[in-house]
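Residue strings, one per chain:
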Amino acid sequence: VLRALLLALSTRRRIGDLMDRVPATRRLVRRFVAGPTADSALDVIARVNARGMAGAVTYLGENVTTPAQARAATAVYRDVVEAIAARGLRALPSLKLTHLGLDVSPAACATNVAEVAERCAAAGTRLWIDMESSAYTERTLELYERLHRTRPQTACVVQAALRRTPADVERLVGMGAALRVCKGAYREPADVAYPVKADVDAAYARLAERLLQPDAQARGVYAGYATHDEALIERVRATAAARGVSAERFEIQMLYGIRHDLHARLRHSGLGVRVLVPFGEDWYGYFMRRLAERPANLVFLLRNLVRPAAGGI
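What comes next is a walk through the structure. (Residues numbered from 1 in each chain as written. Predicted model: local features only at pLDDT ≥ 70, side-chain atom pairs only at ≥ 80, totals over all residues. Heavy atoms only, no water.)

1. Description of the side chain of Thr137
What counts here: What counts as a helix is a DSSP run of H or I of at least four residues, what counts as a strand is a run of E of at least two, and both are numbered from the N terminus. Here, two residues are considered to be in contact whenever any of their heavy atoms come within 4.5 Å of each other.
Residue position: Thr137 is located in helix α7 (residues 137-150). Beyond its immediate stretch of four places on either side in the chain, Thr137 contacts Met131, Leu162, Arg164 and Asp168.

2. Re the pattern of salt bridges
For clarity, the threshold we go by: For this document, the term salt bridge refers to a Lys or Arg side-chain nitrogen within 4 Å of an Asp or Glu carboxyl oxygen. The classification of residues rests on relative accessible area computed with a 1.4 Å probe and restricted to protein chains. Under 20% of the type maximum is buried, over 50% is exposed, and intermediate values are partly exposed.
Here the structure, examined in full by the defined rule, presents 21 salt bridges. Put simply, Glu138 and Arg171 hold a salt bridge, and the shortest N to O gap is 2.9 Å. Within this pair, whereas Glu138 is found in helix α7, its partner Arg171 is found in helix α8 (residues 165-175), the two being separated by 33 residues in sequence. With relative accessibility at 29%, the residue Glu138 sits in the partly exposed group. Its relative accessible area of 25% is what places Arg171 among the partly exposed residues. The partner of Lys197 in a salt bridge is Asp201, with the nearest N and O atoms 2.7 Å apart. Pair noted here: Lys197 and Asp201 are both in helix α9 (residues 197-210), with a separation of four residues, about one helical turn.

3. Description of unusual backbone geometry
In the Ramachandran plot, Asn63 falls in the positive-phi region, its phi being about 55 degrees despite a non-glycine side chain. Considering the arrangement of structural elements, one finds Asn63 in the loop between β1 (54-59) and α5 (67-87). Of the residues examined, Asn63 reaches a relative accessible area of 30% and is grouped as partly exposed. Positive phi, normally seen in glycine, also occurs at Arg259, with a value near 55 degrees. Relative to the helices and strands, Arg259 resides in the loop between β7 (250-255) and α12 (263-268).

Here you go:
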């Protein structure tokens, strides 16, 4: 019930405007969002790299309504890729298609994404295409399939919560894709997504193991496991070890500000860790989905409304 409430509130941007006026809330948001500018995110990435982890950068924003907004977001991502290369950072961009204009024009969006992918190819880094709500799943996969033909290093995200995802994973495995498995952070109807957390966890475990099977590995599948669940991470590690899959063929991906206490332990166990660092002014929807994902985050929010927020990385 609490998760459903928070996800419903995540679409009420006026609440975010009110929260932004409260100093304690603004401080807390910085636990999850590096700051308003790309430089603020890249500074965090530099610290992440210094601790032996890779980074990912995402510019917050989605569902733009004009071509100009989509082009502006595209320009930001192009600049981010160039700044990553110039600073010698181990990082890559991770973007949402609706931020680059999928709602405005699918053709223009494809052009925008191709521009970012071209910059990534020139810089020798991968581009991750995020998955949004189920309303965009098929369109995202179709655009990704077309892009993958010319930019095979581009990666796609799937959500364990969606009932359709096993079939989507088979589609991506057949392409030899790089893909990230996450649980899913959008409010979805029960006929589209599993409403019970235990079912989502079980679906995630099945997908995680599927990507480590011999036929997937033989096709060149690279897996990113986006989770803060220690049991799932251990299951991935144990399955990879049992099947002889090198730690170079997958990575654990975690969100900035969440479970940073796990980082050193995962690195010491030989696992590659990537931290996703968001930036931008359009933080509210992202922030509320992070609260919905993990009740401990909400407890942290309530505690820090009456005292300064603690730092993360």
